[in-house]
Amino acid sequence: MIIVVLGGPGTGKGTRSKVLSEALSIPHISTGELLRKVAQTNPDVQEMLDNNELVSDDMISEHLYDRLFYEDCLGGFIIDGYPRTLNQAILLDNMLKKLDRQIDFVFELSVPDEIVIRRIVGRQECKSCGKIYGTAFPSKVENVCDDCGGELLTRSTDTREKTLERIVQHNENIGPIRSYYDSQRLLEIIDATTAPETIIEDLKHLSISKLICER
Ligand code: ADP
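The model shown is predicted, which means the values in this text are computed figures rather than measured ones. (Residues numbered from 1 in each chain as written. Predicted model: local features only at pLDDT ≥ 70, side-chain atom pairs only at ≥ 80, totals over all residues. Heavy atoms only, no water.)

(A) The arrangement of the overall build of the chain in detail. Helix and strand counts for the chain stand at nine helices and eight strands. Computed over C-alpha atoms, the radius of gyration of the chain comes to 17 Å, within 12% of the 17 Å expected from 2.2 N^0.38 for 215 residues, which places it in the range of a compact globule. Here the chain holds 215 residues, and 43% of them are scored as buried. Taking the contacts inside the chain whose residues are at least 6 apart along the sequence as the reference set, 73% of them involve residues at least 24 apart. Entry remark: accessible area of the chain is about 11,600 Å², with carbon and sulfur atoms responsible for 51%. Each charge class in the chain can be summarised by its mean position, and for the 25 positive and 35 negative side chains these summaries are 3 Å apart. (Helix = DSSP H or I, 4+ residues; strand = E, 2+ residues; numbered from the N terminus. Rg over C-alpha atoms; globule rule 2.2 N^0.38 Å. Buried < 20%, exposed > 50% of the residue type's maximum accessible area, 1.4 Å probe, protein only. Contact = heavy atoms within 4.5 Å. Areas by Shrake-Rupley, 256 points an atom, 1.4 Å probe, with all protein chains shown as cover. Lys, Arg positive; Asp, Glu negative; His and termini not counted. Charge placed at Lys NZ, Arg CZ, Asp CG, Glu CD.)

Below, the structure written as structure tokens:
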């Protein structure tokens, strides 16, 4: 089962992908996370992330392609944060063709811009396990993760100004990607203003729900 999760910043791609990943027992691959790891040893990439710039299609595609060879991807995977350009969508199809695999579903998470801004400004992420906290759902102890005790950090890009920049960039890029998957009848739009767990309920009408129930 190969699933692509699309959505702008703050639509909850990471959280909903994790819920799905657990329900289906397949890994969740976030290209943002892959790049944050690369950035630890590559200051140029760090600068691009700090400036909200998309890294080159070739660079991110190479990292993603390498990740698809890990053993845990054999039974399928969920890709979050890729494709972000139409070219990346085509590159992904080429990668999967080489592996003799194909996308089963594309979910686009839909959330109004004002809600996105409210979610992102003030958001914190656990440095160890990646759990996300927000002003509406803060950690019990300030700056400490409820689940693993890790330190909570605020991304330097989570300001109002930078969030607006990201929303504009996303809206420019998503149109052609949406049409690309819609024409292949892969696209499902999901209301992501509700609690993350509702994604399981949202997918009830799809053949995927059978897989969730069987596990
Ligand atoms: P967000 O969805 O809030 O932008 P992500 O964790 O998905 O957060 O991505 C963080 C940053 O990593 C992006 O702003 C972008 O700079 C870079 N990035 C992630 N995925 C891609 C991609 N597919 N192509 C190019 N750059 C990417």
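(B) Summary view of the sheet that holds strand β5 (residues 124-126). The three strands are arranged β6-β5-β7 in an open sheet whose pairing can be described as antiparallel. Each of the sheet's edge strands pairs with one partner strand only, and the pair in question is β6 (132-133) and β7 (152-153). (Pairing = 2+ DSSP bridges.)

(C) How the structure looks around the site of the ligand. The full set close to the ligand counts 18 residues, and T31, E53, G81, R84 and R166 are the nearest of them. At a separation of 2.8 Å, an oxygen atom of the ligand approaches a polar backbone atom of E53. Within the side chain of Q88, one N or O atom sits 2.9 Å away from a nitrogen atom of the ligand. Bound to the protein, the ligand loses 94% of the 540 Å² it would expose on its own. In terms of residue class, the shell around the ligand is made up of seven nonpolar, four polar and seven charged. (Near = heavy atom within 4 Å. Polar contact = N/O pair within 3.5 Å; in protein donor to acceptor, adjacent residues only side chain to side chain. Nonpolar A, V, L, I, M, F, W, Y, C, P; charged D, E, K, R; others polar.)

(D) Representation of the packing of aromatic side chains within the structure. One pass over the full model with this rule turns up three aromatic pairs. On the numbers, 5.3 Å between centres and 70° between planes, the contact of Y180 with Y181 is edge-to-face. Classification of Y181 as buried rests on a relative accessible area of 0%. In this structure, K98 is placed above the aromatic ring of Y65, and the distance from its NZ or CZ to the ring centre is 5.1 Å. (Phe/Tyr/Trp six-rings, centres within 6.5 Å; stacked < 30°, edge-to-face > 60°. Lys NZ or Arg CZ within 6 Å of the ring centre and 35° of its normal.)

(E) Local environment of the pattern of salt bridges. As enumerated under the stated definition, the model contains seven salt bridges in all. Across the pair D158 and R123 runs a salt bridge whose closest N-O atoms are separated by 3.1 Å. Taken as a pair, D158 in the loop between β7 and α7 (160-183) and R123 in the loop between α6 (113-120) and β5 lie far apart in primary sequence, 35 residues in all. Note that E151 and K127 form a salt bridge whose closest N and O atoms lie 3.6 Å from each other. Highlighted residues: E151 in the loop between β6 and β7 and K127 in the loop between β5 and β6, separated in sequence by 24 residues. Judged by its relative accessible area of 43%, E151 falls in the partly exposed class. (Salt bridge = Lys/Arg side-chain N within 4 Å of Asp/Glu carboxyl O.)

(F) Summary view of the sheet that holds strand β3 (residues 77-80). Strand order across the open sheet formed by five strands is β2-β3-β1-β4-β8, with parallel pairing between neighbours. Both edges of this open sheet fall to β2 (28-30) and β8 (187-191), since each of them pairs with a single strand only. Each adjacent strand pair in this sheet contributes to an overall mean axis angle of 25°, direction not counted. As defined by bridge partners, strand β1 (residues 2-6) adjoins β3 across four bridges and the pair is classed as parallel. Each bridged residue has a counterpart across the sheet, and for V5 the counterpart in β3 is D80. This element, helix α2 (residues 31-39), spans β2 and β3 of the sheet and lies at about 60° to β2. (Axes fitted to C-alpha atoms, helices over the stretch in contact; angles between N-to-C directions.)

(G) Examining the packing of helix α5 (residues 86-98) against α7 more closely. Taken N-terminus to C-terminus, the directions of α5 and α7 make an angle of 35°; their axes are 8 Å apart at the nearest point. Here α5 contributes L86, A89, I90, L92 and D93 to the contact with α7, which in turn contributes P176, I177, Y180 and Y181. Of the residues that constitute the contact of α5 with α7, the class distribution is eight nonpolar, no polar and one charged.

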